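# Coordinates in review
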Amino acid sequence: QVQLVESGGGLVQAGDSLRLSCAASGRTFSSCAMGWFRQAPGKEREIVARINHAGGRTYYLDSVKGRFTISRDNAKNTVYLQMNSLKPEDTAVYYCAVDCGIRGWDYWGQGTQVTVSS
């Protein structure tokens, strides 16, 4: 059974940093793209960052460019999101997801809360 487990969320102050991790189990995702989404209260889920299977191509939401970095370790079946210079508007539940090119984002984690106080 495939599982994606996020960790690393928490309550921080504006300007602080957090590193989210998403460990996958049940199958290898080395041939799949991986990504991070977030959903704030009352808002739609949005994609924050995406990384291709080899890690050489990335995409970022405009509002996080220059502050967030997505990376992956295929040997560990894990994707990371380094978040620097956090802002209150980054407050949301963050989800990792996997896109194996078949049905879009096929697999999702349960989410981890990130709260940034001003």
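In this text the structure is predicted, and so the values were computed from the model without any measurement.

## A word on the overall build of the protein
In terms of regular secondary structure, the protein is built from zero helices and 11 strands. In terms of C-alpha radius of gyration, the protein reaches 13 Å, essentially the compact-globule figure of 13 Å for 118 residues. Its C-alpha atoms give the protein principal-axis dimensions of roughly 40 × 25 × 25 Å. In the protein, which comprises 118 residues, the proportion classed as buried is 43%. Contacts spanning at least 24 positions in sequence make up 53% of the contacts within the protein whose residues lie at least 6 apart.

## A closer look at the state of the cysteines
Under the counting rule described, the total for this entry stands at two disulfides. Note on cysteine connectivity: C22 is disulfide-linked to C96, with sulfurs 1.9 Å apart. One disulfide, between C22 and C96, carries an S-S torsion of 45 degrees and so falls in the right-handed class. With C22 in strand β3 (residues 18-25) and C96 in strand β9 (residues 92-99), this pair connects stretches of sequence that are 74 residues apart. Accessibility assignment for this pair places C22 and C96 in one class, buried. Disulfide pairing is shown between C32 and C100; the S-S distance is 2.1 Å. Between C32 and C100, the S-S dihedral sits near 95 degrees, and the bridge is therefore right-handed.

## A few points about the nonpolar core
Grouped together as the largest cluster of nonpolar side chains are 30 residues, with contacts concentrated most on W36, F68, I70, V79, L81, M83 and Y94. Of all the elements in the fold, those that place two or more residues in this core are β3, β4 (33-39), β5 (46-51), β7 (68-73), β8 (78-83), β9 and β11 (112-117).

## Examining the sheet that holds strand β1 (residues 3-7)
Picture the strands of a sheet paired through backbone hydrogen bonds; they go either parallel or antiparallel. Across the sheet, four strands lie side by side as β1-β3-β8-β7; this open sheet has antiparallel pairing. Each end of this open sheet is capped by a strand with a single partner; those strands are β1 and β7. Direction aside, the axes of adjacent strands within the sheet are offset by 15 degrees on average. Where β3 meets β8, six bridges bridge the pair, whose relative direction is antiparallel. Counted as the bridge partner of S21 is Y80 from β8.

## Brief notes about the side chain of D99
Structurally, the position occupied by D99 is in strand β9. In this structure the side chain of D99 is engaged in a polar contact, spanning 2.8 Å, whose partner is the backbone nitrogen of G101. Not counting residues within four places of it along the chain, the set of residues in contact with D99 comprises C32, A33, R50, G104, W105 and D106.

## Overview of the packing of aromatic side chains
Following the criterion strictly, the structure yields three aromatic pairs and no others. Plain terms: the ring middles of F29 and Y107 are 5.4 Å apart, the flat faces sit at 55 degrees to each other, and that makes the pair tilted. Of this pair, F29 sits in the loop between β3 and β4 while Y107 sits in strand β10 (residues 105-108), and the two are 78 residues apart along the sequence. Judged by relative accessible area, F29 falls into the buried class, the value being 0%.

Conventions and cut-offs
- Position numbers for residues start from 1 in each chain and track the written sequence from start to end.
- In keeping with the model being predicted, local features are shown solely for residues with a pLDDT of at least 70 and side-chain atom pairs are shown and tallied solely at 80 or more, while totals for entire chains, interfaces and linings include all residues.
- For the side-chain quantities, the full set of heavy atoms in the structure was used; hydrogens and water were omitted.
- Elements are defined by DSSP. Helices are runs of H or I of four residues or more, strands are runs of E of two residues or more, and each kind is numbered from the N terminus.
- Every radius of gyration here is taken over C-alpha atoms, with the globule rule written as 2.2 Å times N^0.38, N being the number of residues.
- Three exposure classes are used, based on accessible area relative to the maximum for each residue type with a 1.4 Å probe and protein chains only: buried under 20%, partly exposed in between, and exposed over 50%.
- Residues are treated as being in contact if the distance between any of their heavy atoms lies within 4.5 Å.
- Two cysteine sulfur atoms form a disulfide, by the criterion used here, when they sit within 2.5 Å.
- Only buried residues count toward a nonpolar core. Its members are Ala, Val, Leu, Ile, Met, Phe, Trp, Tyr and Cys residues joined through side-chain atoms within 4.5 Å.
- Note: two strands are recorded as paired if DSSP finds a minimum of 2 bridges between them.
- Between N-to-C directions, angles cover 0 to 180 degrees, with each direction set by a line fitted to C-alpha atoms, over the stretch in contact for helices.
- Any pair of N or O atoms that falls within 3.5 Å is considered a polar contact. Within protein, one atom must be able to donate a hydrogen and the other to accept it, and sequence-neighbouring residues count only if both atoms are side-chain atoms.
- Stacked, tilted and edge-to-face pairs are distinguished by plane angle, under 30 degrees for stacked and over 60 for edge-to-face with tilted covering the rest, among Phe, Tyr and Trp rings (Trp via its six-membered ring) whose centres lie within 6.5 Å.

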